[in-house]
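A structural walkthrough
If you want the building blocks of each chain, they are given just below.
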Amino acid sequence: MQLRILIICCLFIFSHFFNKIQAQNNINEISNLAPDTTKPELKQIEIDLLGSYYDQDGNNSPVTGGRGTENLQDITNNIIISIPYGKNIYSINIGQDFITSASTDNMDTDVSSDSKKDVRTHGDIGVTRKISKRKSYHVGAGFSSEYDVTSFSLNGGVALESKNRNSSLDVNAKIYTDYWLLYQPVEFRPGVDSTVLANFSGEEYHDSYGSSSGNNNRTSYNFSMSFAQILTKKLQVSFTTDFVYQKGLLHTPFHRVYFNDGIDVSNLNEIEVIKSNKLRKRELLPDSRMKIPLGFRFHYYINNVILFKFFYRYYYDDFGINANTYEIELPIRLSKAIAFYPFYRYHTQTASDYFAPFGTHDIGDEFYTSDYDLSAFNSNYLGLGFKYAPLFGIGRNEFSKKAIVKVKSLNLRYANYIRSNNLKANLFSLGLSFTVF
Amino acid sequence: MKTTKLFILLLGSILSASSCTAVKEFQKAALNDEDMKLSDSKIKVFDTNFQSYREGASGANGGKSGGGCGCN
């Protein structure tokens, strides 16, 4: 019932906005029909170099059934290039993540094995084409590859602006297809039984990751709409929604779930529990999921020193998760070149219908997970950003008469994340913006 | 259900607001400020990515809503 109301409301609102913008655009459409004979030329290229260091720790890893270390570090780097050429803007986004995960290492019992490290490489290309003064469309494609998952994506969308440029509507569609290698926890691999496990050092099955048969792909369909409206000279708002439908493999094949079988393992560590006779299965979730997040943004320009930015999101999915997220950011300008960005985010969610903690699932359960990302919790996210962007740039280098590179701005950001189930994380980010002209 | 009602109220307000007096181009100096953009800054991509992995809820904020593993 709640889902139907949400869908009907969203469709009604967006159709209203679409008709309004379309009606305004039709009036002046004729003036845009004349062929454009101007020769396309290359404009200023923008390059962003981004990097981050992420560190987390907790004690509810789903790899060991909702108990055990979640220690993880992730170093990422990204390069985003935007090339305006004629009516088109070409964009390229390439990056890599270097992940060290003590949790994933517990897929097997060989501490510090290959399963501890992962490298994720990803790339996206896209083109946005302006077809009239207030209409543009874009198409793009992307991929990502990591140890056990390869993902491809295609996307396309349209952006419309009203005649007075006070309203705009973006409609986008995206499809992801993921292919998984079905790595299993060590005790589920061929030839490993409880007797073998009891005397197991780990090395014996180091090279046998036990890739099992079964459905190994996931498709995600994403349809998003965003409507932005200027309300006053200092205030603008937007309303965004994503309809996401996923089907295929939605559980993670190397997540363990321990059941309530009366065996007490509270005094054993994670590796000892793996080697014990405690009843366990691999995580199992339904093969389809519908997600509907609705977001609202409110940006107010208080004065030329301070701005007020607010974001709220309501989230619903058919796994049983309902969530509310609130975020506030207050950009503060100390001078024309220096700005600080203090921010705070609060998130609260209910548990998925399929979640239960370590050792509490009933063996008769149809679906089961002990992944605390799907549990009920609230989280606090607090941080500070810094931006240095002098009017004429931080520095410039003239490579030739036709290529001058300018360092436009420097961004630094730190955030601290604390979840009510004791997962703690820190994120440091760095960004450098360049222009080439 | 309470949240849904709140959202409907919010949407109704935006609908009414979209009929407000138009702000002219020359009056948009504050709105054209880079920090007033209704999309997230590029450096925030790392925040939204890790939040979409660590929380059951994701989307409607420009972050990713599918694709890849995020299972570490």
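Residues numbered from 1 in each chain as written. Chains lettered and ligands numbered in written order. Predicted model: local features only at pLDDT ≥ 70, side-chain atom pairs only at ≥ 80, totals over all residues. Heavy atoms only, no water.

Glancing now at the overall build of chain A. Each helix and strand counted, chain A has three helices and 20 strands in total. Split into buried and exposed, the 437 residues of chain A put 49% on the buried side. The contacts of chain A with a sequence gap of at least 6 include a subset with a gap of at least 24, amounting to 63%. When the accessible area of chain A is evaluated, it comes to approximately 20200 Å², of which 59% is carbon and sulfur surface. (Helix = DSSP H or I, 4+ residues; strand = E, 2+ residues; numbered from the N terminus. Buried < 20%, exposed > 50% of the residue type's maximum accessible area, 1.4 Å probe, protein only. Contact = heavy atoms within 4.5 Å. Areas by Shrake-Rupley, 256 points an atom, 1.4 Å probe, with all protein chains shown as cover.)

Turning next to the pairing of strand β20 (residues 424–436) of chain A. All names here are of chain A. Pairing between strand β1 (residues 45–57) and β20: 13 bridges, direction antiparallel. Residue Glu-46 lies in a different strand from β20, and its bridge partner there is Thr-435. Examined bridge by bridge, strand β19 (residues 403–419) and β20 share 13 bridges and lie antiparallel to one another. Bridge pairing in β20 links Arg-413 to Ser-429. Linking β19 back to β20 in an antiparallel pair, the connection comprises four residues, with Asn-422 at a positive phi of about 75°. (Pairing = 2+ DSSP bridges.)

This paragraph deals with the pattern of salt bridges. For the structure shown, the criterion picks out 20 salt bridges over all chains. The closest approach of N and O atoms between Asp-97 of chain A and Arg-120 of chain A, which form a salt bridge, is 3.5 Å. Taken together, the positions of Asp-97 of chain A in strand β3 (residues 88–101) and Arg-120 of chain A in strand β4 (residues 117–132) put the pair 23 residues apart, joining distant regions of the chain. With respect to burial, Asp-97 of chain A and Arg-120 of chain A carry one shared label: buried. Residue Arg-413 of chain A pairs with Asp-47 of chain B through a salt bridge whose shortest N-O separation is 3.2 Å. Of this pair, Arg-413 of chain A sits in strand β19 while Asp-47 of chain B sits in helix α2 (residues 45–54), each in a different chain. (Salt bridge = Lys/Arg side-chain N within 4 Å of Asp/Glu carboxyl O.)

Considering the arrangement of structural elements, one finds Lys-233 of chain A in the loop between β8 (217–232) and β9 (235–248). Note: C-alpha distance between Lys-233 of chain A and Tyr-300 of chain A (67 residues apart in sequence) is 9.4 Å.

For chain B, per-residue confidence averages 75 on the pLDDT scale, and residues scoring 70 or more make up 53% of the total. In the model output, the complex is listed with pTM 0.86 alongside ipTM 0.85. (pLDDT = per-residue confidence, 0-100.)

The subject of this paragraph is unusual backbone geometry. Phi is mostly negative for residues that are not glycine, and the peptide bonds are mostly trans. Phi is positive for Arg-165 of chain A, which is not a glycine, with a value near 55°. In this fold, Arg-165 of chain A is placed in the loop between β6 (149–161) and β7 (167–180).

Side chains that are three or four residues apart share a direction in an α-helix, a result of its 3.6 residues per turn. Along α2 of chain B, seven of the 10 residues are buried, which leaves the element largely enclosed by surrounding structure. When we look at burial in α2 of chain B, the residues that qualify are Phe-46, Asp-47, Thr-48, Phe-50, Gln-51, Ser-52 and Arg-54 of chain B. Residues of α2 of chain B that are buried make contact with β1, β2 (72–85), β16 (338–349), β17 (377–388), β19 and β20 of chain A.

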